[in-house]
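Examination of the molecular architecture
Here's the letter readout for the chains.
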Amino acid sequence: MSPQSQEGDAAKKEEKKEEKKEEEKKEGSGVSTLKVGGGAWRPRSQRQFTREEELDRTVKALLNKLTIEKFDTITEKLARTVEGLKEHKELQLVVNVVMEKAVTEPDWSEMYADLCQVLQWRSVPTEGTDIENFRKTPFMKALLTKIQAEYEAMPRSLESRLRSLPSGELDPEAIEEMQQLKRTKNRILGVVKLIGELFQRKILGFPIVRDVVVDLVIKNEEPDEHFIECFVQLIATT
């Protein structure tokens with residue numbers, strides 16, 4: 001064997017020793033090596049969303065982009081989405097998402113009422129244009145279902161919760177209760193304002209507004225201050 005061959009064999013042996021040492025280090029540290037080839041590891045594909053989950057994601061994404069400036073563009077996309085729905089539960093899902101956004105953002109009640117009006121117009125059958133036909137569409141039924149659920153879920157008194165809060169320095173639990181109370185008041189205002197805006201656009205009838213006024217103020221000898229504020233807001237809207 002020539003000196004060059006001997007040197008080559010020695011180099012290969014030394015290289016193998018180094019590779020073995022490196023593998024032992026990785027095994028000792030818990031690091032596994034990935035081999036490239038037919039059986040190589042690949043990331044799992046994302047799970048497939050159901051049709052309703054995909055619809056929910058689509059509507060929420062569009063609503064997050066909704067502004068006065070982009071109103072026409074985003075509303076058109078939402079309207080086309082609604083027009084493509086074939087099942088009532090899908091339409092109810094869309095209405096629920098829109099309502100949830102509207103009642104948690106009372107400062108934008110007018111914009112969301114305008115959105116509901118456009119979606120309602122797009123769902124009206126072409127053969128009828130009277131107001132009764134306008135209020136009997138699947139969209140309207142879904143909207144009324146959600147509004148009724150929201151209104152019935154509203155607390156009829158906030159005084160007991162206010163009295164339960166301790167005076168003086170508040171602990172974390174009391175602070176959380178105050179924040180929750182603030183969210184509740186904001187939601188009540190959102191529901192009432194949206195009802196007023198929908199009434200103004202003739203989407204909701206007078207009996208609904210009348211019932212709201214009776215429940216908020218007339219039924220109670222000493223209505224909560226926040227309900228009086230909501231009543232004033234409703235009157236100002238209508």
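Rules and cut-offs
Along each chain, the written sequence defines residue order, and numbers are assigned to residues from 1. This being a predicted model, a pLDDT of at least 70 is required before a residue's local features are given, and a value of 80 or more before pairs of side-chain atoms are given or counted; all residues contribute to the totals for chains, interfaces and linings. Side-chain descriptors were evaluated using all non-hydrogen atoms of the structure, hydrogens and water having been removed beforehand. UniProt positions are given in the numbering used here, feature names are shortened, and annotations may be inferred rather than shown by experiment. A run of H or I in DSSP becomes a helix once it reaches four residues, and a run of E becomes a strand once it reaches two; helices and strands are each numbered from the N terminus. Any pair of residues with heavy atoms lying within 4.5 Å of one another is described as a contacting pair. When accessible area is computed with a 1.4 Å probe and restricted to protein chains, residues below 20% of their type maximum are described as buried, those above 50% as exposed, and intermediate ones as partly exposed. Polar contact criterion, stated in full: a pair of N or O atoms within 3.5 Å, where within protein one must be able to donate a hydrogen and the other to accept it, and residues adjacent in sequence count only if both atoms are side-chain atoms. Nine residue types can take part in a nonpolar core, namely buried Ala, Val, Leu, Ile, Met, Phe, Trp, Tyr and Cys, and a core is a set of them joined through side-chain atoms within 4.5 Å. Axis geometry follows a simple rule: fit a line to the C-alpha atoms, using only the stretch in contact for helices, then measure angles between N-to-C directions, giving values from 0 to 180 degrees. Oblique is the label for any angle not under 35 degrees, not over 145, and not in the 65 to 115 range, which are roughly parallel, roughly antiparallel and roughly perpendicular in turn. What makes a crossing left-handed is the near helix being turned counterclockwise from the far one by less than a right angle; a clockwise turn instead makes it right-handed. Just so you know the grouping, Ala, Val, Leu, Ile, Met, Phe, Trp, Tyr, Cys and Pro go in nonpolar, Asp, Glu, Lys and Arg go in charged, and all remaining residues, Gly too, go in polar. Whenever Lys or Arg places a side-chain nitrogen within 4 Å of a carboxyl oxygen from Asp or Glu, that contact is recorded as a salt bridge.

The name given to the protein chain in an unreviewed UniProt entry is Putative eukaryotic translation initiation factor, and the organism recorded there is Toxoplasma gondii VAND. For the protein chain, the Sequence similarities (unreviewed entry) comment in UniProt is given as "Belongs to the eukaryotic initiation factor 4G family."

Looking only at helices and strands, the protein chain has 11 helices and zero strands in total. Starting at the N terminus, the α and β elements of the protein chain follow one another as α-α-α-α-α-α-α-α-α-α-α. Summarising the internal contacts of the protein chain: among those between residues at least 6 apart in sequence, 68% fall at separations of at least 24.

A positive phi is found at Lys-202, a non-glycine position, where the angle reads about 65°. Counting through the fold element by element, Lys-202 comes out in the loop between helix H9 (172-200) and helix H10 (206-218). Judged by relative accessible area, Lys-202 falls into the exposed class, the value being 54%.

Before going further, it helps to spend a moment on the side chain of Gln-92. Note on placement: Gln-92 falls in helix H4 (residues 88-103). Within polar-contact distance, the side chain of Gln-92 engages the backbone oxygen of Ala-142 at 3.0 Å. Dropping the residues within four chain positions of it, Gln-92 is found in contact with Ala-142, Thr-145 and Lys-146.

Let us look at the nonpolar core. Formed by 50 residues in total, the largest nonpolar core has its most connected members in Leu-63, Leu-115, Leu-143 and Leu-198. Listing elements by their share of this core, those giving two or more residues are helix H2 (51-64), helix H3 (71-83), H4, helix H5 (109-123), helix H7 (138-153), H9, H10 and helix H11 (225-237). Top element by residues in this core is H4. It accounts for nine residues. Among residues more than four places away in sequence, those in contact with Leu-198 are Ala-113, Cys-116, Leu-143, Ile-147, Ile-203 and Leu-204.

With that settled, the discussion passes to the packing of H3 against H5. Between H3 and H5, the shortest axis-to-axis distance is 10 Å and the interhelical angle comes to 40°. Judged by the inter-axis angle, H3 sits oblique to H5. In this structure, H3 crosses over H5, and the sense of that crossing is right-handed. Packed against H3, whose contacting residues are Phe-71, Thr-75, Glu-76, Leu-78, Ala-79, Arg-80, Val-82 and Glu-83, the element H5 presents Met-111, Asp-114, Leu-115, Val-118, Leu-119 and Arg-122 at the interface. When grouped by side-chain class, the residues that make up the contact of H3 with H5 number eight nonpolar, one polar and five charged.

Our next topic: the pattern of salt bridges. Between side chains of opposite charge, a pair can form as their charged atoms come close. Scanning all chains against the criterion turns up 15 salt bridges. Look at the salt bridges and you will find they share partners, linking Glu-76, Arg-80, Glu-83 and Arg-122 into a network.

To continue, consider the environment of Glu-53. Looking at the secondary structure, you find Glu-53 in helix H2. Classification of Glu-53 by relative accessible area gives partly exposed; the value is 30%. In terms of polar contacts, Glu-53 uses its side chain to reach the backbone amide nitrogen of Thr-50, at 3.0 Å.

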